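Residues per chain, in single letters:
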Amino acid sequence: MKAKVLFLACLLATANLWAQPQLTADNISEVVKAMSPREKALLVVGFNSACEGYNPGLPGTGGLTHPFPQYGIPSVVMMDGPVGVRLEDRFTTCFPTGLLVAASWDRETAFRVGQGIGEETRDMGGDVILAPGMNLLRNPLNGRNFEYFSEDPLLSGSIAAAYINGVQQTGIGTSAKHFAANNQETNRLDGDSRMDTRTLRELYTRGFEICLRESAPWTVMASYNYLNGEYTQESYGLLTDILRKDFGYKGLVVTDWTGKRNTPRQLHAGSNLFMGGMYSQTEHILASLEDGSLAMEDLDLAASKVLELVTKSISFQRRDYVPPLKPDLEAHAALTRTLATEGMVLLKNEGVLPLAPSRAALFGIHSYDLIPGGNGAAFVTCPYVAQVDDALKEAGFSLNSGLEKLYRGYARFIEADLTLNHKVNVHVGLPQKPELDITRRLVEQVEKDADVAIITLGRVSGEARDRILEEDFLLQEEEVNLLENVCEVFHAAGKKVVVVLNVCGVVETASWKDLPDAILCAWLPGEEGGHSIADVLTGRVNPSGRLPMTFPQDYFDIAGAEDFPYHFVSEKANESAVHPERRGMDPKNISYTDYTEGIYVGYRHFVTHGQEESYPFGFGLSYTTFAYSRPVVKQVGDRVKASITVTNTGAVAGKEAVGIYVHAPLGGFSHKPERELRAFGKTRLLQPGESQVVECFFPVRDLASFNAALSRWETAKGTYTVYFGADCRKPAASLPLTLNKGRNYPVSRACEPVRQ
Ligand code: GLC
């Protein structure tokens with residue numbers, strides 16, 4: 001009898017398995033149909049501790065989707081972040097950060113960074129890396145600028161696309177984030193980004209539009225904030241009309257790690273997957289189905305998108321894959337050392353770089369304690385950081401050992417102090433370290449045994465809080481003293497001074513840039529940063545980076561400078577939810593931020609309005625010189641071809657980035673930016689005397705401006721001026737381009753300000 005019962009039980013179990021369709025890439029709708037409402041309501045919400053069999057993944061993992069073995073559905077593992085795989089209990093490679101990648105003006109560099117991160121994600125058992133972060137650099141003080149790319153939507157979108165293509169070439173998915181208008185960290189959960197429609201289209205969704213034209217990210221991450229009075233995650237206009245209908249996006253929309261909001265409204269708007277995931281969201285979905293406030297087809301669409309994502313994942317496609325959990329740290333360290341040199345920007349060089357090995361006096365805590373990356377979701381626990389002092393010694397320099405002892409001891413003391421007094425964890429990283437205030441007398445002593453001085457100034461920032469003006473954008477008093485003392489003492493002795501900027505973004509430079517003889521902007525260059533910096537300082541690599549944003553002379557020269565929480569200071573490590581109303585605070589720039597500058601962000605403002613900058617967008621020097629010749633501009637069907645011959649006219653090999661800016665006739669518009677970047681390229685390494693034709697194509701439609709009243713892009717009939725050269729201020733050549741007729745490109749009417 002017992003055997004019979006057992007047999008019947010197995011029969012039923014097999015029958016049950018048979019009854020449930022097993023997921024394939026071709027039967028998604030069948031599986032969705034077979035799933036119960038409760039199963040679907042679990043599937044579209046991140047796997048969480050209230051779920052049966054919950055598995056959080058490796059410590060530090062971003063989140064997993066809910067598995068359903070009975071349908072052959074595994075979890076999809078999502079890991080942070082843009083600079084490398086963020087895990088809490090094991091080492092991964094810290095790659096160069098977004099700003100540096102964008103400063104390379106090189107899609108190949110972005111692709112290779114993405115490829116490296118994709119490989120490590122795969123090695124650690126991930127399916128999706130929650131990257132790239134690609135919000136526009138509206139203001140230099142946004143805490144997450146370091147992981148983003150540029151003030152220009154084309155440079156942002158194209159570099160993001162190359163990064164995505166690199167990651168996805170390894171079989172790992174990506175998440176283009178944070179869509180959209182998440183341009184400050186202060187009160188990011190509830191802040192309302194308020195802007196006119198032309199600004200939204202031409203700047204804040206434009207980078208994503210270009211990114212989606214040049215790549216196919218498996219997911220797009222919907223940001224936390226409001227946009228014109230509506231949560232982006234609940235905005236049908238943003239997530240369906242613009243992202244899907246206008247941009248043609250076919251992938252999955254995942255929410256940023258939101259707590260419970262209006263889940264049915266989010267589903268209806270086009271949010272497909274709710275991460276990190278709370279059981280109350282599942283319950284809210286079921287209740288909304290019951291009371292009719294949620295249509296089953298909205299849930300089914302989301303479930304289908306999740307299953308599409310599942311079928312792309314390694315967890316699904318390679319059931320037998322056992323992740324080694326050991327990335328190739330050595331190979332990736334060598335890779336990041338090389339890639340980091342591609343985006344370093346030489347801002348000044350008056351007869352000092354490249355340096356031959358000599359006696360160097362190294363000043364500044366960050367010469368001995370380099371900042372490889374930033375804090376928050378983009379933080380990476382890397383196995384080591386190559387320091388500038390060690391790298392210079394390896395390159396044959398002899399350093400002042402007294403300074404090394406002083407600074408290394410100070411760095412250890414500061415680290416201990418910060419760790420003791422701040423709640424430091426891998427999600428937040430370490431806050432800014434104050435510069436050591438050394439005396440002039442010490443500088444005078446050190447100068448006697450040195451041939452050259454090198455000063456490294458550092459800035460770090462991260463998710464959930466913004467930078468501020470005082471002692472962050474502006475230099476600290478100790479830093480000013482250091483610069484003045486070292487430059488006076490070394491110049492009096494006929495010796496040179498080099499400054500290295502190990503920074504998370506723009507800092508004030510105008511007041512002090514005349515002091516040193518050279519300035520190299522090294523950004524947050526990753527774990528091999530010291531070697532990369534030494535490679536550039538010694539001429540092993542000729543710098544070819546170009547600024548992906550404007551360095552203003554004064555913070556208040558920026559359009560919209562007052563429309564940012566530039567002086568909001570709080571003891572909390574996290575400014576995500578500030579609740580100004582509870583604290584009697586002015587809600588301006590906290591509860592809402594008015595993008596009063598409109599489309600005039602960065603060089604669009606500085607060039608159009610004649611505002612002088614300290615260093616313009618696209619600026620960067622080289623150890624060699626280049627000449628431009630034979631420019632060609634012509635319309636080829638619905639594209640514009642712009643090409644130019646670049647020749648290395650100097651004595652050392654080098655690479656040259658080329659920007660293509662266009663000045664458009666006004667057409668029916670009352671105003672347009674004086675010029676806008678429409679394409680860019682970079683030469684290979686050109687030997688002295690060698691030439692290369694840099695050829696760029698871009699759609700004629702990219703010459704259009706957005707007419708909000710008629711909800712369409714419009715190209716004007718007339719003559720355009722096409723400028724060649726990365727530096728937005730100094731074109732190397734220009735040619736006219738005539739459009740014999742204008743054209744309109746209608747799009748959906750969406751996300752318009754609730755008040756006109
Ligand atoms: C964070 C970040 C996002 C990150 C996610 C998962 O809040 O905004 O960039 O990928 O949560 O950690």
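Above this text you will find the structure in question.
Below is a summary of the structure that appears in this document. (Residues numbered from 1 in each chain as written. Predicted model: local features only at pLDDT ≥ 70, side-chain atom pairs only at ≥ 80, totals over all residues. Heavy atoms only, no water.)

Further remarks concern unusual backbone geometry. Here the bond from Asp 80 into Gly 81 is cis, since omega is -5 degrees, no more than 30 degrees from zero. Locating Gly 81 in the fold gives a position in the loop between β2 (77-79) and α4 (98-103). The residue after Leu 353, namely Pro 354, is reached through a cis peptide bond having omega -5 degrees. Along the polypeptide, Pro 354 turns up in the loop between β10 (345-349) and β11 (359-363). In this structure, His 579 is a non-glycine residue whose phi angle is positive, near 50 degrees. (Helix = DSSP H or I, 4+ residues; strand = E, 2+ residues; numbered from the N terminus.)

On to the packing of aromatic side chains, then. On inspection of all chains with the given rule, the structure shows 19 aromatic pairs. Where Phe 47 meets Tyr 54, the ring centres are 5.6 Å apart and the plane angle is 80 degrees; that geometry is what we call edge-to-face. Seen in terms of ring centroids, Tyr 603 and Phe 617 are 4.6 Å apart; in terms of plane orientation they differ by 25 degrees. Their pairing is stacked. With a gap of 14 residues between them, Tyr 603 in helix α21 (residues 603-608) and Phe 617 in the loop between β18 (613-615) and β19 (626-636) connect regions that are remote in the sequence. A single burial state applies to Tyr 603 and to Phe 617, both of which are buried. In this structure an aromatic cluster arises from ring pairing among Trp 105, Tyr 603, Phe 617, Tyr 661 and Phe 680. Looking at Arg 107, its charged tip hangs above the ring of Phe 680, at a distance of 4.0 Å from the centre. The cationic tip of Arg 206 hangs over the ring face of Trp 713; the distance from NZ or CZ to the ring centre is 5.3 Å. (Phe/Tyr/Trp six-rings, centres within 6.5 Å; stacked < 30°, edge-to-face > 60°. Buried < 20%, exposed > 50% of the residue type's maximum accessible area, 1.4 Å probe, protein only. Lys NZ or Arg CZ within 6 Å of the ring centre and 35° of its normal.)

Of all residues adjacent to the ligand, which total 13 residues, the nearest are Asp 80, Arg 144, His 178, Tyr 224 and Asp 256. Residue Arg 144 places a side-chain N or O atom 2.8 Å away from an oxygen atom belonging to the ligand. Measuring from an oxygen atom of the ligand, one finds a side-chain N or O atom of Glu 463 at 2.9 Å. (Near = heavy atom within 4 Å. Polar contact = N/O pair within 3.5 Å; in protein donor to acceptor, adjacent residues only side chain to side chain.)

The next subject is helix α7 (residues 197-204). In terms of residue burial, α7 counts as a mostly covered element, since eight of its eight residues are buried. If you check which residues of α7 are buried, you get Thr 197, Arg 198, Thr 199, Leu 200, Arg 201, Glu 202, Leu 203 and Tyr 204.

Using the criterion set out here, one finds 47 salt bridges in the structure. Taking the shortest distance from any N to any O, the salt bridge between Arg 144 and Glu 147 comes out at 2.8 Å. Of the charged contacts, one joins Arg 678 and Glu 676 as a salt bridge, the two residues approaching to 2.9 Å between their closest N and O atoms. Exposure class is identical for Arg 678 and Glu 676. Each is buried. (Salt bridge = Lys/Arg side-chain N within 4 Å of Asp/Glu carboxyl O.)

Here we take up a negative patch on the surface. On the surface, a cluster of negative charge is contributed by Asp 437, Glu 470, Glu 471 and Glu 477. Locating Asp 437 in the fold gives a position in the loop between α16 (401-421) and α17 (440-447). For Asp 437, a relative accessible area of 46% translates into the label partly exposed. (Patch = residues over 30% accessible without salt bridge, like charges linked within 9 Å, V, L, I, M, F, W, Y side chains within 5 Å. Areas by Shrake-Rupley, 256 points an atom, 1.4 Å probe, with all protein chains shown as cover. Lys, Arg positive; Asp, Glu negative; His and termini not counted. Charge placed at Lys NZ, Arg CZ, Asp CG, Glu CD.)

As a further point, take helix α5 (residues 107-123). Because an α-helix packs 3.6 residues into every turn, residues spaced three or four apart end up facing the same way. Between the first and last C-alpha of α5 there are 24 Å, a value that for 17 residues agrees with the 24 Å anticipated at 1.5 Å per step. Those residues of α5 lying buried are Thr 109, Ala 110, Val 113, Gly 114, Gln 115, Gly 116, Ile 117, Gly 118, Glu 120, Thr 121 and Asp 123. Those residues of α5 that are buried are in contact with β2, α4, β3 (128-129), α6 (153-168) and α14 (329-342). Positive backbone phi, at 85 degrees, marks Gly 125, one or two positions downstream of α5. (Expected span 1.5 Å × (residues − 1). Contact = heavy atoms within 4.5 Å.)

Right, let's talk about the nonpolar core for a bit. Counting residues in each nonpolar core, the largest one holds 109 residues, and the members touching the most others are Val 44, Ile 73, Trp 105, Phe 179, Ile 285 and Leu 677. Beyond its immediate stretch of four places on either side in the chain, Ile 285 contacts Ala 41, Val 44, Val 45, Thr 263, Leu 267, Leu 294 and Leu 299. Of all hydrophobic cores here, the second largest spans 82 residues; its members include Ala 391, Leu 469, Leu 475 and Tyr 555. (Core = buried A, V, L, I, M, F, W, Y, C linked by side-chain atoms within 4.5 Å.)

It is worth spelling out the pairing of β10 at this point. Counting buried positions along β10 gives four out of five residues, so the element sits mostly inside the fold. Here four bridges tie β10 to strand β15 (residues 518-521), and the two strands are oriented antiparallel to one another. From the neighbouring strand, Asn 349 faces β15, where its bridge partner is Ala 518. (Pairing = 2+ DSSP bridges.)

Below, the discussion takes up the sheet that holds strand β25 (residues 712-715). Sheets are built from strands that pair by backbone hydrogen bonding, the pairs being arranged parallel or antiparallel. The strand order across the open sheet built from three strands is β24-β25-β28, with neighbouring strands paired in antiparallel fashion. The sheet is open, and its two borders are formed by β24 (705-707) and β28 (743-746), each paired with just one other strand. Strand after strand, the sheet turns through a mean of 30 degrees between neighbouring axes, direction not considered. When β25 meets β28, the two strands line up antiparallel, connected through four bridges. Residue Arg 712 lies in a different strand from β28, and its bridge partner there is Pro 746. Relative to β24, α7 is tilted by about 150 degrees, and along the sheet it contacts β24 and β25. (Axes fitted to C-alpha atoms, helices over the stretch in contact; angles between N-to-C directions.)

With that out of the way, let us pick up the environment of Pro 323. Mapped onto the fold, Pro 323 is located in the loop between α13 (314-317) and α14. Accessibility expressed as a relative area gives 25% for Pro 323, which makes it partly exposed. With 197 residues separating them in the primary sequence, Pro 323 and Gly 126 have C-alpha atoms 8.6 Å apart. Residues within four places of Pro 323 in sequence aside, it is in contact with Arg 122, Asp 123, Met 124 and Gly 125.

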